[in-house]
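Observations on the model geometry
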Amino acid sequence: MTDLSLHRFGRTSLEVTRIGLGLAALGRPGYINLGHSRDLTGRYSPADLEAHSHDVLDAAYAAGIRYFDAARSYGRGEEFLGSWLREKKYLNAVVGSKWGYTYTANWQVKAAQHEVKDHTLPVLQRQYKESKTHLGQHLALYHIHSATPDSGVLDRKDVLEALAELRNDGLYIGLSLSGESQAETLKKALDIQIGNMPLFSSVQATWNLLEPSLGSLLAEAHQAGMGVIVKEALANGRLTSRNSQPAFAAKRAILEAEAKQLETSQEALALALVLAQPWADVVLSGAANTDQLHDNLRALQVTPGHIDQEKLLSLAESTAEYWQNRSQLPWN
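Residues numbered from 1 in each chain as written. Predicted model: local features only at pLDDT ≥ 70, side-chain atom pairs only at ≥ 80, totals over all residues. Heavy atoms only, no water.

1. Some words on the overall build of the protein
Put simply, the test is: Helix and strand labels come from DSSP, where a helix needs a run of H or I of at least four residues and a strand needs a run of E of at least two; each type is numbered from the N terminus. Every radius of gyration here is taken over C-alpha atoms, with the globule rule written as 2.2 Å times N^0.38, N being the number of residues. Exposed residues in this analysis have more than 50% of their type's maximum accessible area, buried residues have under 20%, and partly exposed residues fall in between, with area computed by a 1.4 Å probe over protein chains only. In this analysis, two residues are considered to be in contact whenever any of their non-hydrogen atoms come within 4.5 Å of each other. Here the open area of atoms and residues is found with the Shrake-Rupley method and a 1.4 Å probe, where only the protein chains shown may cover a residue. A residue counts as positive if it is Lys or Arg and as negative if it is Asp or Glu; His and the chain ends are not included. Throughout, a charge is located at the NZ atom of Lys, the CZ atom of Arg, the CG atom of Asp or the CD atom of Glu.
Helix and strand counts for the protein come out as twelve helices and twelve strands. Here the protein has a C-alpha radius of gyration of 19 Å; the compact-globule value for 332 residues is 20 Å, and the two agree. For the protein, the C-alpha atoms occupy an extent of roughly 50 × 45 × 40 Å along the three principal directions. Looking at the protein as a whole, 58% of its 332 residues are labelled buried. Of the contacts formed within the protein by residues at least 6 apart in sequence, a portion of 79% connects residues at least 24 apart. Of the accessible surface of the protein, which amounts to about 13,600 Å², a share of 48% is contributed by carbon and sulfur atoms. Within the protein, one finds 32 positive and 37 negative side-chain charges whose respective centroids are separated by 3 Å.

2. Quick look at helix α5 (residues 157-168)
Applicable threshold: For a helix, the expected span equals 1.5 Å multiplied by the number of residues minus one.
Here α5 is twelve residues long and its end C-alpha atoms lie 16 Å apart, about the 16 Å a rise of 1.5 Å per residue gives. Every buried residue of α5 is listed here: V159, L160, A162, L163, A164, L166 and R167. Directly beyond the C-terminal end of α5, a positive phi value near 110° is found at G170.

3. Looking at the pattern of salt bridges
Spelled out, the test is: A side-chain nitrogen of Lys or Arg and a carboxyl oxygen of Asp or Glu constitute a salt bridge if their distance falls within 4 Å.
Counting across every chain of the model gives 15 salt bridges. Residue R242 pairs with D39 through a salt bridge whose shortest N-O separation is 3.0 Å. With R242 in the loop between β11 (227-231) and α8 (249-261) and D39 in helix α1 (residues 36-39), this residue pair connects regions lying 203 residues apart in the sequence. When its relative accessible area of 27% is taken as the criterion, R242 is described as partly exposed. Across the salt bridge formed by K157 and E161, the nearest N and O atoms sit 4.0 Å from each other. Of this pair, K157 and E161 both sit in helix α5, four residues apart, which is roughly one turn of the helix. Looking at E161, the relative accessible area reads 38%, which means it is partly exposed.

4. Regarding the layout of surface pockets
One way to see where empty space is left: roll a probe the size of a water molecule over the atoms. Under the convention used in this document: Using a grid of 1 Å spacing that covers the protein atoms alone, one calls a set of points a cavity when a 1.4 Å probe fits there but cannot get out, and a pocket when the set is open and has protein on both sides within 12 Å along at least five of seven lines; lining residues are those with an atom within 4 Å of a point. Grid points are joined across faces, edges and corners, and a volume is the space filled by probe spheres set on the points. Amino acids are sorted into nonpolar (Ala, Val, Leu, Ile, Met, Phe, Trp, Tyr, Cys and Pro), charged (Asp, Glu, Lys and Arg) and polar (every other residue, Gly among them).
Of the volumes computed, that of the largest pocket is approximately 1,000 Å³. Taken together, 50 residues form the lining of the largest pocket, with Y31, I32, E232, N236 and R326 sitting closest to its centre. Partitioning the lining of the largest pocket into residue classes produces 19 nonpolar, 20 polar and eleven charged. Each pocket or cavity is described by its volume, and for the second largest pocket that value is around 200 Å³. Contributing to the lining of the second largest pocket are R238, Q245, A247, F248, K251, E317, E321, N325, Q328 and L329. Considered class by class, the residues forming the lining of the second largest pocket number three nonpolar, three polar and four charged.

5. Here's the deal with the packing of aromatic side chains
Heads up, the rule is: Ring pairs are drawn from Phe, Tyr and Trp, using the six-membered ring of Trp, whenever the two centres fall within 6.5 Å, and their geometry is named by plane angle: stacked under 30 degrees, edge-to-face over 60, tilted for the rest. Sitting over a ring, as applied to charges here, requires NZ of Lys or CZ of Arg to be within 6 Å of the ring centre and within 35 degrees of the ring normal.
The final tally for this structure, using the stated rule, is nine aromatic pairs. Ring centres 6.1 Å apart and planes at 70° place the aromatic pair Y61 and W84 in the edge-to-face group. With Y61 in helix α2 (residues 46-63) and W84 in helix α3 (residues 77-88), the pair connects residues that are 23 residues apart, well separated along the chain. The pair Y61 / W84 is uniform in exposure class, with both members buried. Overall, Y61 belongs to the buried group, its relative accessible area being 13%. Connected via pairs of aromatic rings, a cluster forms that spans Y61, F68, W84 and Y90. Positioned above the aromatic ring of Y61, the side-chain terminus of R66 is 3.5 Å from the ring centre. The positively charged end of R76 is found above the aromatic ring belonging to W107, 5.4 Å away from the centroid.

6. A few points about the environment of I254
As for its position among the elements, I254 is in helix α8. In the structure, I254 is positioned twelve residues away from Q266 in sequence and 9.7 Å away in space, judged by C-alpha atoms. Discounting residues that sit within four places of it in the chain, I254 has contacts with K311 and L315.

7. Some details on the pairing of strand β10 (residues 202-206)
In plain terms, the rule: A pair of strands is labelled paired if DSSP reports no fewer than 2 bridges between them. By convention a crossover is right-handed if, when the strands point away from the viewer, the path from the first strand over the helix to the second runs clockwise.
For β10, a buried count of five out of five residues is recorded, marking the element as mostly surrounded by other parts of the structure. Because side chains alternate across β10, one face comprises the buried residues S202, Q204 and T206, and the other comprises V203 and A205, equally buried. Bridge count for strand β9 (residues 172-177) against β10 is three bridges, and the pairing is parallel. Within the sheet, the bridge partner assigned to S176 lies in β10 and is Q204. Between the parallel pair β9 and β10, the chain is carried across by helix α6 (residues 182-190), and the sense of this crossover is right-handed. Examined bridge by bridge, β10 and β11 share five bridges and lie parallel to one another. For A205, the partnering residue across the bridge sits in β11 and is V230.

8. A look at the nonpolar core
To keep things clear, this is the line we draw: Take the buried residues of types Ala, Val, Leu, Ile, Met, Phe, Trp, Tyr and Cys, join any two whose side-chain atoms come within 4.5 Å, and each joined set is a nonpolar core.
Core analysis: the largest hydrophobic core is formed by 96 residues, its most contacted members being F68, L81, L175 and F200. Looking at this core element by element, the count peaks at eight residues for helix α9 (residues 266-275). Filtering out sequence-adjacent residues up to four positions away, F200 remains in contact with R11, I144, L154, I173, G174, L175, A189, I192 and M226. In terms of nonpolar packing, the next biggest core, distinct from the first, is built from ten residues, F9, L14, I229 and L284 among them.

9. Let's talk about the environment of S13
Stated formally: Counting of polar contacts relies on pairs of N or O atoms within 3.5 Å, with two restrictions inside protein: one atom must be capable of donating a hydrogen and the other of accepting it, and residues adjacent in sequence are counted only when both atoms are side-chain atoms.
Checked against the element boundaries, S13 lands in the loop between β1 (7-8) and β2 (15-16). A polar contact is formed between the side chain of S13 and the side chain of Y172, at a distance of 2.9 Å.

This is the structure in structure tokens:
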């Protein structure tokens, strides 16, 4: 499926589109995407960013996108998304958000600490109320933000039981993954049942041509009925034309050549590779402006069978190398 028609998301009753829009780069003045500072053109006031995010959301909806992703730590991302939903009365938009990180940058691009991770019950209870305040009836899917072994969240009985209560009240529960432990965390999550039912209906994970290691496990999760959302499909800008790092030159040349052959951009080709995976229910665009969004949507025009997946996936880094490189990306 390479269009924006609606399809069922895992074992849920939700209907989503293959491409969704994430607000990580829209809800706050600083983010780790390469060139992010240029995307916002220096307009960092909350009012300016809200208007800017609404423009991108309008363009996404007009193009047919119906899945939107936010998080408590995306600055005012939930607030901007909620005000847009109320203003436009978009009742058929499916919204997912995440809890577990608190935004601490105080609206600064450069900050000593941009977010604080805490997966305890009081944080879940506080942030769920905040998410509902901003997103209301639209909030359909709630993820643990960046579940990892070191946070211990999948071993916290009180948190899991509280999430099960939310599930029983009609909210779908998921988890997002990050770091070298993605596979370990997902394997554990697949086995968690509460009330003789799987707790998690969704997983949001990093998968791209530089870090494809989780593919077989995501296929297993999809087969088990979980909806699969792919984030960071462009590796925080490392797979875009703005990546001028000398160490990436050889890989960039291969990606550019393949994109030229398919008459598309390298960004669209990288996204098309993810869309070609049969287990990927939603692939998030992290577009920070409408031009990026429209270019990302060109991925839908790339015929999956024409993609040389073997060649592109040969560019992959080791899992450790990928996450080390990501950790060194500057906030801008």
